[in-house]
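Each chain, letter by letter, is given below.
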Amino acid sequence: MDPRDTRSSYVPLPTTADEAATTSADSSRRRRHLLVGATSSLLLLLSLLGAALYMSPQNGADHEPAVLKSNEQVQPTVLKPAVSRGPLDGVSEKVSGVRGPSNSFPWSNSMLQWQRTGFHFQPEKNWMNDPNGPVYYKGWYHLFYQYNPDAAVWGNITWGHAVSRDMVHWYHLPLAMVPDKWYDINGVWTGSATVGPDGQVYMLYTGSTNASVQVQNLAIPSDLSDPLLLQWTKYEGNPVLTPPSNLLPKDFRDPTTAWFDNSDSTWRIAIGSKDDSHAGIALVYKTKDFISYEQIPGLLHKVAKTGMWECVDFYAVSASISSANQAIDTTVLATMSNSQDDVRHVLKASMDDDRHDYYAVGRYDAINNKWKPDNAEIDVGIGLRYDWGIFYASKTFFDPVKQRRILWGWISETDSEKADIRKGWASLMSLPRTVLFDIKTKSNLLQWPVEEVDQLRMNSTTFTNLTIDTGSYFRLSASRAAQLDIVAEFEIKNTTLEKAVEADEEYSCATSGGAAGRGLFGPFGFLVLADESLTEQTPVYFYVSRNSNGSLKTHFCHDETRSSKATDIVKKIVGNVVPVLSGETLTMRILVDHSIVESFAQGGRTCITSRVYPTKAIHNAAGVYLFNNATAGPITAKSITIWEMSSSNNRSYNGNDGEP
Ligand code: DQQ
């Protein structure tokens with residue numbers, strides 16, 4: 001293919017799906033050869049790239065949908081009535097963004113099948129929500145999760161279970177716990193694992209009782225010699241904790257992993273709630289045996305007006321070493337003294353009010369049972385988020401093998417419940433991410449897909465020093481682009497920056513015109529999952545704005561508004577500011593996996609996850625484009641590498657004990 005055919009003069013990106021169709025048709029008519037910046041070596045490079053990316057990979061992105069098979073007529077899943085699924089039952093609705101039959105798009109089987117991912121964790125079928133009790137045990141990474149075994153909607157919540165040697169390739173195991181006791185009959189809700197020094201595994205989880213009261217229960221493995229931890233025994237004296245009288249009985253849930261306090265040799269756990277003034281709060285309990293608990297007076301922390309704190313997480317990070325193995329084993333060292341300047345504690349809460357995960361970095365005073373943010377202006381719930389897209393109810397664990405802290409988040413659907421029922425599944429897990437404190441900015445965390453994900457990288461193509469002229473876009477690939485890992489480094493030359501001095505400080509991803517809105521220094525980046533006419537596209541981009549004092553501010557965004565022609569899905573423009581330090585170039589990594597796009601800017605300082613449901617930009621019609629809508633001048637892509645990603649081919653449990 002002649003790369004000149006893949007490069008077009010700029011046509012403003014349309015603002016609605018309908019307009020998109022018209023504009024792109026016009027655009028193809030008006031298409032002409034490239035106007036700016038092409039050099040013969042660039043053309044040669046693009047031809048080679050074209051050839052490389054259009055070739056079928058040897059071992060292919062061999063995605064096999066587990067629920068829907070080609071040519072198979074999709075039948076609606078037979079649903080058991082989903083009971084207890086609303087605020088009246090103590091939790092917000094756990095359904096996808098759109099409900100009801102109105103505006104429903106005529107999804108074909110092929111479109112729905114394509115949405116199933118190749119290398120993100122998801123159950124074989126049905127509904128999943130929060131990650132629960134992640135733990136490493138006798139050679140296996142265990143992931144439990146909130147699961148409805150009966151349907152693709154929330155309800156009848158049990159614990160699903162899967163194990164992996166590398167957190168990439170998974171074996172699906174039988175259910176770990178089901179709601180079968182009075183104290184969890186309305187749901188075996190979220191919980192966390194703690195491994196004691198003697199090797200005992202304590203699983204503390206929330207049960208929704210027969211009266212829908214939220215209590216905390218204990219379960220332990222029935223056979224500690226089983227590395228798969230297949231059977232769990234609920235403690236006969238459950239519940240081990242009931243809501244304190246000053247809290248509402250439906251606002252007391254999701255115990256953390258325990259940490260050990262040397263001062264009185266007790267284990268401590270935190271539990272989220274809200275008070276009667278709608279402040280989000282975290283309570284701390286201590287225990288010696290995981291059976292009897294005592295509430296420690298006062299609160300670990302409280303933030304006004306943030307509402308119910310779900311899925312609180314609390315862990316220590318090193319503030320002096322920036323390497324993957326810097327993590328601190330919370331169970332042993334969480335109470336490291338604050339006089340040690342190289343320790344910080346992260347407090348995270350999932351805000352039931354807005355369904356986002358917020359964290360803050362601060363210091364923990366174990367003696368006084370208080371945690372304080374380093375910067376009160378970005379306290380929990382009002383400042384930093386793990387992810388500026390869709391990412392909720394996350395949980396970290398300490399990996400003793402590689403001495404790292406790993407984060408899992410629940411990525412729900414933003415399509416209609418009706419479509420989920422037809423698909424037969426709903427929700428994904430994020431890729432497992434290592435979490436580090438950013439010792440350069442000293443203000444945020446760094447999240448990055450675990451290094452094991454890299455083993456899925458197959459064919460790669462690299463570009464260096466590409467100039468993307470103002471108002472241009474060009475295609476990097478047009479096929480096999482549904483499973484990709486893209487790493488890119490961009491630079492705005494000083495000559496361009498100096499050309500324009502106007503301030504542009506009001507910019508924010510969410511309120512801007514998205515990828516179509518043009519500014520001096522952005523947006524520029526990639527269009528992923530884009531079809532040839534660009535009627536469907538998901539732009540992942542930087543936008544650099546200038547403050548009135550002349551300093552620059554970089555924003556990292558996803559524009560979902562043109563991701564699909566379908567109308568029965570939620571589409572937003574999402575993202576946030578990303579810190580860029582003096583001398584740094586702009587870097588991003590994007591993982592595309594069918595209906596999920598997970599992106600990381602500046603090494604993971606700012607992360608965004610989107611669910612997208614294209615109707616045209618699927619299968620071989622999905623492509624990747626580079627674009628630059630900045631008006632001040634060209635952008636240089638110093639380097640871009642695109643890998644096609646293999647699938648993880650997760651397997652069912654074969655019934656053998658020992659090896660699955
Ligand atoms: N999901 C669980 C609760 C938790 C919520 C119920 C967060 O324990 O608070 O499925 O998504």
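Every value quoted in this text rests on a predicted model; they were computed, and no experiment measured them.

Engineer: For this particular structure, what's the right way to read the sheet that holds strand β7 (residues 201–208)?
Structural biologist: Two pairing modes exist for strands in a sheet, parallel and antiparallel, and in both the strands are linked by backbone hydrogen bonds. Here we have four strands laid out as an open sheet, ordered β6-β7-β8-β9, and antiparallel in their pairing. What marks the edges here is a single partner per strand, and that holds for β6 (188–195) and β9 (232–234). Averaged over all pairs of adjacent strands, the angle between their axes in this sheet comes to 30°, without regard to strand direction. One ladder, built from three bridges, connects strand β8 (residues 214–221) with β9; its direction is antiparallel. Paired with A219 across the bridge in β9 is K234.

Engineer: How should I be thinking about the sheet that holds strand β3 (residues 140–148) in this particular structure?
Structural biologist: On the basis of which strands lie adjacent, the open sheet formed by six strands has the order β22-β2-β3-β4-β5-β38 and mixed pairing. Lying at the two open borders of the sheet, with one neighbouring strand each, are β22 (425–426) and β38 (651–652). Bridge analysis of strand β5 (residues 170–177) against β38 gives two bridges, and the strand direction is parallel. Note on β38: the bridge partner recorded for Y171 is R651.

Engineer: Looking at this model, I keep getting lost on the site of the ligand. Mind explaining?
Structural biologist: The environment of the ligand is formed by 14 residues, the closest being D130, Q146, R253, D254 and E310. A distance of 2.8 Å is found between an oxygen atom of the ligand and a side-chain nitrogen or oxygen belonging to R253. At a separation of 3.0 Å, an oxygen atom of the ligand approaches a polar side-chain atom of E310. Where the shell around the ligand is concerned, the elements lending two or more residues are β2 (126–137), β6, β15 (309–318) and β20 (392–399).

Engineer: Mind showing me how you'd approach the state of the cysteines here?
Structural biologist: Among covalent bonds in proteins, the disulfide is the one between the sulfur atoms of two cysteines. Taken as a whole and judged by the stated rule, the model has one disulfide. A disulfide bridge connects C509 with C557, and the sulfur atoms are separated by 2.2 Å. One quick way to see it: the torsion about the S-S bond of C509 and C557 is about -70°, and its sign makes the bridge left-handed. Taken together, the residues C509 in the loop between α6 (494–499) and β29 (521–530) and C557 in strand β31 (residues 552–559) connect sequence positions 48 residues apart. Owing to a relative accessible area of 0%, C557 belongs among the buried residues under this scheme.

Engineer: Sorry if this is basic, but what is going on with the nonpolar core here?
Structural biologist: Inside soluble globular proteins, nonpolar side chains tend to come together where they are buried. Within the largest apolar cluster, 53 residues are counted, with the highest numbers of intra-cluster contacts made by F490, F526 and I640. When residues of this core are assigned to their parent elements, the largest contribution, five residues, is made by β29. Ignoring any residue separated from it by four or fewer positions in sequence, one finds I640 in contact with T461, T462, F463, L466, I486, V487, A488, F526 and L626. Ranked by size, the runner-up nonpolar core spans 23 residues in total, among them F121, Y141, Y145 and W170.

Engineer: Looking at this structure, how should I read the packing of aromatic side chains?
Structural biologist: Describing an aromatic ring pair means giving the distance of the ring centres and the angle of the ring planes. With the rule as written, the count across this model stands at 33 aromatic pairs. For the ring pair W267 and F290, a centre distance of 5.6 Å and an interplane angle of 45° mean the geometry is tilted. Residue W267 is located in strand β11 (residues 266–274), and its partner F290 is located in the loop between β12 (280–287) and β13 (293–295); the two are separated by 23 residues in the primary sequence. A ring pair is formed by F524 and F542, whose centres lie 6.1 Å apart and whose planes are at 50°; its orientation type is tilted. With F524 in strand β29 and F542 in strand β30 (residues 538–546), this residue pair connects regions lying 18 residues apart in the sequence. Residue classification places F542 among the buried residues on the basis of a relative accessible area of 0%. Note that R165 overlies the ring of W140, its terminal NZ or CZ placed 3.8 Å from the centroid. If you follow R457 out to its NZ or CZ, it ends over the ring of W643, 3.7 Å from the centre.

Engineer: For this particular structure, what's the right way to read the pairing of strand β33 (residues 586–593)?
Structural biologist: Regular strands place their side chains on alternate faces of the sheet. When you tally the buried positions in β33, you get seven out of eight residues, the bulk of the element. Across eight bridges, strand β28 (residues 483–491) lies against β33 in antiparallel orientation. Bridging across to β33, I486 finds its partner in I590. Pairing analysis gives six bridges linking β33 to strand β34 (residues 596–601), with the strands arranged antiparallel. Residue R589 lies in a different strand from β34, and its bridge partner there is F600. Once β33 ends, the chain turns through two residues before running back antiparallel as β34, passing H594 with a positive phi of about 55°.

Engineer: Just to check I follow, could you spell out the pattern of salt bridges for this structure?
Structural biologist: Side-chain pairs of opposite charge can arise whenever the charged atoms involved come near each other. Counted by the stated rule, this structure contains 34 salt bridges. Across the pair R355 and E310 runs a salt bridge, and its minimum N-O distance is 3.3 Å. With R355 in the loop between β16 (343–351) and β17 (356–365) and E310 in strand β15, the pair connects residues that are 45 residues apart, well separated along the chain. What makes E310 buried here is its relative accessible area of 3%. A salt bridge links K348 to D357, with the nearest nitrogen and oxygen atoms 3.5 Å apart. We note that K348, like D357, is buried.

Engineer: Please clarify how the environment of K499 should be interpreted in this entry.
Structural biologist: Relative to the helices and strands, K499 resides in helix α6. Between the C-alpha atom of K499 and that of G633, which follows or precedes it by 134 residues, the distance is 8.5 Å. Residues in contact with K499, not counting those within four places in the same chain, are A632 and G633.

Engineer: Before we go on, may I ask you to explain the pairing of β12 in this structure?
Structural biologist: Here β12 lies mainly inside the structure; seven of its eight residues are buried. By the bridge criterion, eight bridges tie β11 to β12 in an arrangement that is antiparallel. The partner of G272 across the bridge, within β12, is A282. Here β11 hands over to β12 after five residues, with H278 in that stretch at a positive phi of 70°. Hairpin connection between β12 and β13: a loop of five residues separates the two successive antiparallel strands, and F290 in this loop has a positive phi of roughly 70°.

Engineer: For this particular structure, what's the right way to read the side chain of T606?
Structural biologist: Looking at the element boundaries, T606 is found in strand β35 (residues 606–611). We classify T606 as buried; its relative accessible area is 2%. For T606, the side chain forms a polar contact with the main-chain oxygen of V577, separated by 2.9 Å. Ignoring anything within four residues of it in the chain, the contact list for T606 reads W388, F556, N576, V577, V578, P579, S599, F600 and A601.

Conventions used here
Residues numbered from 1 in each chain as written. Predicted model: local features only at pLDDT ≥ 70, side-chain atom pairs only at ≥ 80, totals over all residues. Heavy atoms only, no water. Pairing = 2+ DSSP bridges. Helix = DSSP H or I, 4+ residues; strand = E, 2+ residues; numbered from the N terminus. Axes fitted to C-alpha atoms, helices over the stretch in contact; angles between N-to-C directions. Near = heavy atom within 4 Å. Polar contact = N/O pair within 3.5 Å; in protein donor to acceptor, adjacent residues only side chain to side chain. Disulfide = S-S within 2.5 Å. Buried < 20%, exposed > 50% of the residue type's maximum accessible area, 1.4 Å probe, protein only. Core = buried A, V, L, I, M, F, W, Y, C linked by side-chain atoms within 4.5 Å. Contact = heavy atoms within 4.5 Å. Phe/Tyr/Trp six-rings, centres within 6.5 Å; stacked < 30°, edge-to-face > 60°. Lys NZ or Arg CZ within 6 Å of the ring centre and 35° of its normal. Salt bridge = Lys/Arg side-chain N within 4 Å of Asp/Glu carboxyl O.

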